[in-house]
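Residue-level structural notes
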Amino acid sequence: MLRVTNLSGFGGGNRVLHTLSEHASATSTASTVTGPSTIIAGDILVLWDRASNAVAPAPSSVTPTGFSNVLDFTIGPTKGMASVKVADGSEASASITGMDGSASDRKMLYVFRGNIPATTATAQDAASEGTDGNPAAQTANASGSTKPVIVIGCYGSGSAVDPRTFSPAKDGEISAATNAWLAYKIYNSSPQDVTIDMDDEGLQNTLGSFYLECA
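In this text, all values refer to a predicted model and were calculated from it rather than measured experimentally.

1. Here's the deal with the overall build of the chain
A tally of helices and strands in the chain yields 0 helices and 16 strands. Whereas a compact globule of 215 residues would reach a radius of gyration of roughly 17 Å, the chain reaches 16 Å, a difference of no more than 12%. A principal-axis box enclosing the C-alpha atoms of the chain has dimensions of 55 × 35 × 25 Å. Buried residues in the chain amount to 52% of all 215 residues. Long-range pairs, those at least 24 residues apart, make up 79% of the contacts in the chain with a sequence separation of at least 6. In the form shown here, the chain has an accessible surface area of approximately 8400 Å², with 46% of it arising from carbon and sulfur atoms. Between the mean site of the 12 positive side-chain charges and the mean site of the 20 negative ones, the chain shows a separation of 7 Å.

Spelled out as structure tokens, the structure:
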């Protein structure tokens, strides 16, 4: 379990975070990605960063400033990392630095916003696999949560990733290229367990998943 917090700047009272929605996104094929200009304090940021060198070893791990790492895994010359942050507002239009591979960089950033600014985003059920074969299906066991939940699926390969299983169906996905995707599903109430999977697309298949309990 990983709990990300940002308590500064928010008043007291009995306001409760009860709804979340996807607000904005950004992608990049470089070592940095630019945060959308509309980010404000209390937004929840999720970054999927997949980078490859021409030959092993994989690129060095980089968790962007202020983010907390959830996934960090390697297959040959490729590394996949997922990181989360409750925004403080400084990320708007800012350059967010991640890994730098000599062969390729793939960065996908989602911005989620609540009915009030979030103060915590706690990662649960983090799972990851890097393989030159077929990754095993992963299950985000979110059904027991009583908080608004964001289920995350991270996909990558040396070739295009298709299909990208997400059941129940994803709410949306973004891609920096056909071989790297970030998908999500929001449950504002009655969350369900979600199965995330991909086929064997060749070499350096990377599959990751987790869910965020938000408050």
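Resuming the write-up.
2. With respect to the confidence of the model for the chain
Mean pLDDT for the chain: 95, with 93% of residues reaching 70 or above. Long-range and interchain partners of residues 7–13, a stretch whose pLDDT sits below 50, account for 6 contacts in this model, where long-range means more than four residues apart.

3. Considering a negative patch on the surface
A grouping of Asp132, Asp162, Asp199 and Asp200 is seen on the molecular surface, where their side chains present a negatively charged patch. If you trace the backbone, aspartate 132 turns up in the loop between β9 (120–131) and β10 (138–140).

4. A few points about the packing of aromatic side chains
Per the stated rule, a full pass over the model turns up 4 aromatic pairs. For the pair tyrosine 110 and phenylalanine 112, a centre-to-centre distance of 5.4 Å together with 35 degrees between the ring planes defines the contact as tilted. Ring centres of phenylalanine 112 and tyrosine 184 lie 5.1 Å apart, and the angle between their planes is 70 degrees; this geometry places the pair in the edge-to-face category. Residue phenylalanine 112 is found in strand β8 (residues 104–114), and its partner tyrosine 184 is found in strand β14 (residues 180–187); the two are separated by 72 residues along the sequence.

5. Focus: the state of the cysteines
Applying the stated criterion across every chain, the model contains 0 disulfides. For cysteine 154, which is in no disulfide, the shortest distance to another cysteine sulfur is to cysteine 214 and amounts to 15 Å. Residue cysteine 154 is classed as buried on the basis of its relative accessible area of 1%. Looking at cysteine 214, the relative accessible area reads 1%, which means it is buried.

6. A few points about the sheet that holds β10
A sheet is described by the order of its strands in space; here 3 strands give the open sequence β10-β15-β12, paired in antiparallel fashion. Of all strands in the sheet, those with a lone pairing partner are β10 and β12 (164–167), marking the two edges. Mean inter-strand twist for the sheet, computed between neighbouring axes without regard to direction, equals 20 degrees. Bridging between β12 and strand β15 (residues 194–198) involves 4 bridges; their strand directions are antiparallel. Bridge pairing in β15 links serine 167 to threonine 195.

About the cut-offs
Residues numbered from 1 in each chain as written. Predicted model: local features only at pLDDT ≥ 70, side-chain atom pairs only at ≥ 80, totals over all residues. Heavy atoms only, no water. Helix = DSSP H or I, 4+ residues; strand = E, 2+ residues; numbered from the N terminus. Rg over C-alpha atoms; globule rule 2.2 N^0.38 Å. Buried < 20%, exposed > 50% of the residue type's maximum accessible area, 1.4 Å probe, protein only. Contact = heavy atoms within 4.5 Å. Areas by Shrake-Rupley, 256 points an atom, 1.4 Å probe, with all protein chains shown as cover. Lys, Arg positive; Asp, Glu negative; His and termini not counted. Charge placed at Lys NZ, Arg CZ, Asp CG, Glu CD. pLDDT = per-residue confidence, 0-100. Patch = residues over 30% accessible without salt bridge, like charges linked within 9 Å, V, L, I, M, F, W, Y side chains within 5 Å. Salt bridge = Lys/Arg side-chain N within 4 Å of Asp/Glu carboxyl O. Phe/Tyr/Trp six-rings, centres within 6.5 Å; stacked < 30°, edge-to-face > 60°. Disulfide = S-S within 2.5 Å. Pairing = 2+ DSSP bridges. Axes fitted to C-alpha atoms, helices over the stretch in contact; angles between N-to-C directions.

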